[in-house]
Amino acid sequence: MLPAQKYRKPDSGAVLAALHQITEQFGYLPQDEIRKTAREMGIPLAQLMSAATFYASFTFKPAGKHKIHICDGTACHVKGSTSLMDGLKQKLGIGENETTQDGNFTLKGVRCLGSCGLAPALSIDGETHGRLTLEALDKILAEYSEAKR
Ligand code: FES
């Protein structure tokens, strides 16, 4: 192996792969794991942190038990997704990309769930709920809150 290859720093693909691996294992990016990974890869912590903060798909906080993805794609937006997002924020007492204090729900906005015919739509843990109203949200949230027990 040539010296240049031996001391070559990992490229951005390797950095992203490492971040995805940590996320898969923990569900988020714990600070201790990021530090440990940077040491093991022989790269500056800043290189990992730079990638981790650039991509919105990475998070530094543990996600809630149930992940709510509310769609704000064109079809859902036209059919009132903004008021649904506002309603969810109010009902859960959190903002977008936050987790409820009891750790039950994490709320995220997405561009399209691929269920435009059901607009406005959201998914919880991958299960799509469509043609939503603010009233329907109460029932859906109650179902997932019950499932917690
Ligand atoms: S725009 Fe909402 S599911 Fe496609």
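Parameters and conventions
- Residues numbered from 1 in each chain as written.
- Predicted model: local features only at pLDDT ≥ 70, side-chain atom pairs only at ≥ 80, totals over all residues.
- Pairing = 2+ DSSP bridges.
- Helix = DSSP H or I, 4+ residues; strand = E, 2+ residues; numbered from the N terminus.
- Expected span 1.5 Å × (residues − 1).
- Buried ≥ 20, exposed ≤ 12 C-beta atoms within 10 Å, placed from the backbone.
- Arc of directions from axis to C-beta.
- Core = buried A, V, L, I, M, F, W, Y, C linked by C-beta atoms within 7 Å.
- Contact = placed C-beta atoms within 7 Å.

A. Region of the structure containing the sheet that holds strand E4 (residues 122-124). Sheet architecture is open: five strands sit in the order E2-E3-E1-E4-E5, paired in mixed fashion. Looking along the sheet, the strands with just one partner apiece sit at the ends: strand E2 (98-99) and strand E5 (127-129). Taken together, the three bridges between E4 and E5 define a ladder with antiparallel strand orientation. Opposite Ile 124, over in E5, you have Glu 127 as the bridge partner.

B. Representation of helix H6 (residues 81-92) in the model. With 12 residues, H6 should reach 16 Å at 1.5 Å per residue; the first-to-last C-alpha distance of 16 Å fits that figure. For H6, every residue scored as buried is listed here: Ser 81, Leu 84, Met 85, Leu 88 and Leu 92. When H6 is viewed along its axis, its buried side chains cluster within an angular range of 100° and face the same direction. Of the exposed residues in H6, those oriented more than 90 degrees away from the buried face are Ser 83, Asp 86 and Gln 90.

C. Region of the structure containing the pairing of strand E1 (residues 66-71). In this structure, E1 lies alongside strand E3 (residues 105-110), joined through six bridges in parallel fashion. For Lys 67, the partnering residue across the bridge sits in E3 and is Thr 106. Pairing analysis gives three bridges linking E1 to E4, with the strands arranged antiparallel. Paired with His 69 across the strands is Ser 123, a residue of E4.

D. How the structure looks around the environment of Asp 86. If you trace the backbone, Asp 86 turns up in helix H6. Here Asp 86 falls in the exposed class, since 12 other C-beta atoms lie within 10 Å of it. Along the backbone, Asp 86 and Ala 119 are 33 residues apart, and their C-alpha atoms lie at a distance of 16 Å.

E. Just the nonpolar core, in detail. Counting residues in each nonpolar core, the largest one holds 16 residues, and the members touching the most others are Ile 68, Ile 70, Cys 71, Leu 84, Leu 88, Ala 121 and Leu 122. Contributing elements (two or more residues each) for this core: E1, H6 and E3. Looking at which element gives the most residues to this core, the answer is H6, with four residues. Discounting residues that sit within four places of it in the chain, Cys 71 has contacts with Cys 76, Ser 81, Val 110, Cys 112, Leu 113, Pro 120, Ala 121 and Leu 122. Val 15, Ala 18, Ile 22 and Leu 48 belong to the second-largest nonpolar core, a separate cluster that totals seven residues.

F. Focus on the environment of Gly 42. Turning to its location among the elements, Gly 42 is positioned in the loop between helix H3 (31-41) and helix H4 (45-54). Separated by 103 residues in sequence, Gly 42 and Ser 145 place their C-alpha atoms 44 Å apart.

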